[in-house]
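If you want the building blocks of each chain, they are given just below.
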Amino acid sequence: RNVLIKPYVIAGAQEFRLDPTTTDTDTQQDIGVDVKWAVNPNVTLDVTVNTDFAQVEADNVQLDLTRFNLFFPEKREFFLERAGLFEFGDSRQTETFFSRRIGITNDILGGARVVGQFDRYSVGALTIQTAENKDLGIDAANNTVLRGRADLQGRTTVGGIFTNLEQGDFSNRAFGADVRKRFLGNSEISAWYSRVEDSRPDLSDAAGSIRLDIRRADYGFGGSYKNVGKRYNPALGFVRRRDMVSYAGFLSYSPQVNGDLVRSYSVNTYASLINGQDGGKQSSSYGLRANVRIRTNDRLDVRIDNNFERLDRSFFIRPDAEILAGDYRATSISGSFRTDNSKLFSTSGGYAWSQYFGGTRENWEGGFGLRTGKYLNMEMGISHNRFDLPIDNGRFEATTISSNINMAWSRDLFAKALIQYDNFSGDIQANIRIDWIHSPGADLFLVFNTNYN
């Protein structure tokens, strides 16, 4: 009764249409198993063998219109469970452990995760072995993470993390510690520090951050300091920006009105400065944001930002459009609205105009949602950008369209479809999944993916 065994079997086929008269086909078949064992009320062990994620929802299309890495959130069930325990660092910015690093270029042979809760102490360990990828010339690897956290008196939490990647002659280890102190209701001060030791000495470095966040009923203020080394590169982490020393502060006023029309409003202002490790200025920004929520739970937002960006070297915003090195100042103005998405029909929209690397950028967004209760939920959105930059091939447009449909025929039969288009690739992509829950813990998935250019 305390062991759940979930074997899987998969069979499928793929067809590639290379041109109107030529096609190529491929078949696949595989087996594997997941096991969950509740060792005792406080400890759970998960084991996976020959893991497969064919039923996982596809990623949302993103267009890379900056010089920084894109962030794709984790969607695989095995890694999502108890993911909060393994979080360390600044989410989506500087994460010492980011599970999407595992099993993307190499198939997962197997692994295990154990988590335990002992009074005020939480511990977790994860180890995954990936196979060699001969096509890409990537060695097999072992990925290990250890995480501990303790809730002390005075609403204080302290913790530590260790990550290790062993891949052929290459190794990368990260050590870290974090602390969080909560006080005055929702206020808190938090800090973390992480050090990477790489088998290549020139890639060993450190990063850390401290943040103060004061939250009262009607107002809030705070600030942060962050330092990321030029060579900070945790192999099992995600780092959006290196070689930086960041200072930031914010101030907000958010009274509860409860009037006949307006329920609440807020005004927020912020400022930030980013220097390089050499002390040279890289970026700065400051701005103002105001939003209003009316009695019907609809929202209106207005935002004004001023930014400075110094490029030490050029980068390509498109394969044929190069943003040159230099100093760039920009002002942006945007407004948006969203109606209550819990109603039968909801809609949203927005417009933004900004200066962009010496030129201009305009963005239009719109969407609608249909929610009929437990049987049908649908959302559709479009984002259209128009760029006019003073460079070769600097006038172009970027458009993404997405539709997300969730249907429930009964308590046991569900369907979900994610249909997307972007004009950069010219692809129309569809990810359609049907899930029949034969009995609790036993599923039959039918997954259909198509990509048409």
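Here, the structure is the one placed above.
No experiment lies behind these values; they were computed from the predicted model shown.

A.B. asks: Can you help me understand the overall build of the chain in this one?
C.D. replies: Within the chain, the secondary structure is distributed over one helix and 28 strands. The C-alpha atoms of the chain give a radius of gyration of 24 Å, which matches the 22 Å a tight globule of 453 residues would have. Summarising its shape, the C-alpha atoms of the chain cover approximately 60 × 55 × 55 Å along the three principal directions. Residue pairs at least 24 apart in sequence account for 47% of intrachain contacts in the chain once pairs closer than 6 positions are excluded. Surface exposure of the chain reaches about 25,900 Å², of which carbon and sulfur atoms provide 54%. If you average the places of the 53 positive and of the 56 negative side-chain charges in the chain, the two averages end up 8 Å apart.

A.B. asks: Would you take a moment to explain the packing of aromatic side chains for this structure?
C.D. replies: Here the distance between the centres and the angle between the planes together describe a pair of aromatic rings. Overall, the coordinates contain 18 aromatic pairs when judged by the stated rule. Between F71 and F238, the aromatic rings sit 5.1 Å apart at their centres with planes inclined by 85°, giving edge-to-face as the arrangement. Taken together, the positions of F71 in the loop between β3 (43–49) and α1 (77–80) and F238 in strand β14 (residues 238–239) put the pair 167 residues apart, joining distant regions of the chain. Comparing F71 with F238 shows no difference in burial state: the two are buried.

A.B. asks: For this particular structure, what's the right way to read the side chain of T130?
C.D. replies: Relative to the helices and strands, T130 resides in strand β7 (residues 121–130). Residue classification places T130 among the buried residues on the basis of a relative accessible area of 3%. With near-sequence residues (within four places) excluded, T130 lies in contact with I102, G103, N106, D107, I108, L109, A140, A141 and N143.

A.B. asks: I would appreciate a short explanation of the nonpolar core in the present structure.
C.D. replies: The tendency in soluble globular proteins is for nonpolar side chains to be buried side by side. Among the nonpolar cores identified, the biggest contains 26 residues, and F79, F86, F97, I102, L126, I128 and V145 are the most heavily contacted of them. Once you skip the residues sitting within four places of it in the chain, V145 turns out to touch F86, F97, G124, A125, L126, I161, F162, T163 and L236. With 15 residues, the next largest nonpolar core counts L63, F315, I317 and Y328 among its residues.

A.B. asks: What is the right way to look at the side chain of D301 in this model?
C.D. replies: Examined against the element boundaries, D301 turns out to sit in strand β18 (residues 299–311). Among the polar contacts listed, one links the side chain of D301 to the side chain of R289, at a separation of 3.2 Å. For D301, the side chain forms a polar contact with the side chain of R299, separated by 3.5 Å. If we skip the residues at most four places from it in the chain, D301 touches R289, A290, N291, S334, G335 and S336.

A.B. asks: What exactly am I supposed to notice about the pairing of strand β27 (residues 427–439) here?
C.D. replies: The side chains of a regular strand alternate, first on one face of the sheet and then on the other. Sheet topology note: the strand β26 (residues 413–422)/β27 ladder contains ten bridges and is antiparallel. Looking across to β27, one finds that A417 is bridged to I432. Between the antiparallel neighbours β26 and β27 lie four residues, among them G426 with a positive phi of about 75°. Two strands pair when backbone bridges link them, and β27 and strand β28 (residues 442–452) are joined in this way by eleven bridges, in the antiparallel orientation. What sits directly across from R433, in β28, is V447.

A.B. asks: What should I look at first to understand the sheet that holds strand β5 (residues 94–95) in this one?
C.D. replies: Sheets are built from strands paired through backbone hydrogen bonds, the pairs being either parallel or antiparallel. Strand order across the open sheet formed by three strands is β4-β5-β14, with antiparallel pairing between neighbours. Both edges of this open sheet fall to β4 (89–90) and β14, since each of them pairs with a single strand only.

A.B. asks: Sorry if this is basic, but what is going on with the pattern of salt bridges here?
C.D. replies: It is possible for side chains bearing opposite charge to pair when their charged atoms get close. Going through the model one piece at a time under the given rule, you end up with 27 salt bridges. Note that R113 and E81 form a salt bridge whose closest N and O atoms lie 3.6 Å from each other. Placement of the pair is R113 in strand β6 (residues 108–118) and E81 in the loop between α1 and β4, with a sequence separation of 32 residues. Assessed through its relative accessible area of 3%, R113 is described here as buried. E81 gets classed as partly exposed once you look at its relative accessible area, which sits at 33%.

A.B. asks: What exactly am I supposed to notice about the environment of P234 here?
C.D. replies: Residue position: P234 is located in the loop between β13 (219–228) and β14. Residue class for P234 comes out buried when judged on its relative accessible area of 2%. Spatially, the C-alpha atoms of P234 and V245 are 18 Å apart, while their sequence positions differ by eleven residues. Non-local contacts of P234, meaning those with residues more than four positions away in its chain, are made with E95, T96, N172, A174, V196 and V239.

A.B. asks: How do you make sense of the environment of Q129 when you look at a structure like this?
C.D. replies: Counting through the fold element by element, Q129 comes out in strand β7. As for Q129 and G111, which are separated by 18 residues in sequence, their C-alpha atoms are 5.9 Å apart. Once you skip the residues sitting within four places of it in the chain, Q129 turns out to touch D107, I108, L109, G110, A140, A141 and N142. Separated by 3.4 Å, the side chains of Q129 and N142 make a polar contact.

A.B. asks: So what exactly am I meant to see when it comes to a nonpolar patch on the surface here?
C.D. replies: Taken together, the side chains of Y219, F221, L251, Y253, V257, Y265, V267 and L288 define a hydrophobic patch exposed on the protein surface, amounting to about 700 Å² of accessible area. If you trace the backbone, V267 turns up in strand β16 (residues 262–275).

A.B. asks: What is the right way to read the environment of V33 from this model?
C.D. replies: As for its placement among the helices and strands, V33 is situated in strand β2 (residues 22–40). Overall, the relative accessible area of 22% leaves V33 in the partly exposed class. Each C-alpha atom of the pair V33 and N60 lies 28 Å from the other, and the pair is 27 residues apart in sequence. Discounting chain neighbours no more than four positions away, the residues touching V33 are I5, K6, P7, Y8, V47, T48 and V49.

A.B. asks: Which parts of the structure should I look at to understand unusual backbone geometry?
C.D. replies: Working note: non-glycine residues mostly have negative phi, and peptide bonds are mostly trans. One non-glycine residue, R82, adopts positive backbone phi at about 60°. With respect to the helices and strands, R82 occurs in the loop between α1 and β4. What makes R82 partly exposed here is its relative accessible area of 37%. Phi at D119 is positive, roughly 55°, even though this residue is not glycine. With respect to the helices and strands, D119 occurs in the loop between β6 and β7. Under the relative-accessibility criterion, D119 is labelled exposed at 67%.

Cut-offs and rules
- Residues numbered from 1 in each chain as written.
- Predicted model: local features only at pLDDT ≥ 70, side-chain atom pairs only at ≥ 80, totals over all residues.
- Heavy atoms only, no water.
- Helix = DSSP H or I, 4+ residues; strand = E, 2+ residues; numbered from the N terminus.
- Rg over C-alpha atoms; globule rule 2.2 N^0.38 Å.
- Contact = heavy atoms within 4.5 Å.
- Areas by Shrake-Rupley, 256 points an atom, 1.4 Å probe, with all protein chains shown as cover.
- Lys, Arg positive; Asp, Glu negative; His and termini not counted.
- Charge placed at Lys NZ, Arg CZ, Asp CG, Glu CD.
- Phe/Tyr/Trp six-rings, centres within 6.5 Å; stacked < 30°, edge-to-face > 60°.
- Buried < 20%, exposed > 50% of the residue type's maximum accessible area, 1.4 Å probe, protein only.
- Core = buried A, V, L, I, M, F, W, Y, C linked by side-chain atoms within 4.5 Å.
- Polar contact = N/O pair within 3.5 Å; in protein donor to acceptor, adjacent residues only side chain to side chain.
- Pairing = 2+ DSSP bridges.
- Salt bridge = Lys/Arg side-chain N within 4 Å of Asp/Glu carboxyl O.
- Patch = residues over 30% accessible without salt bridge, like charges linked within 9 Å, V, L, I, M, F, W, Y side chains within 5 Å.

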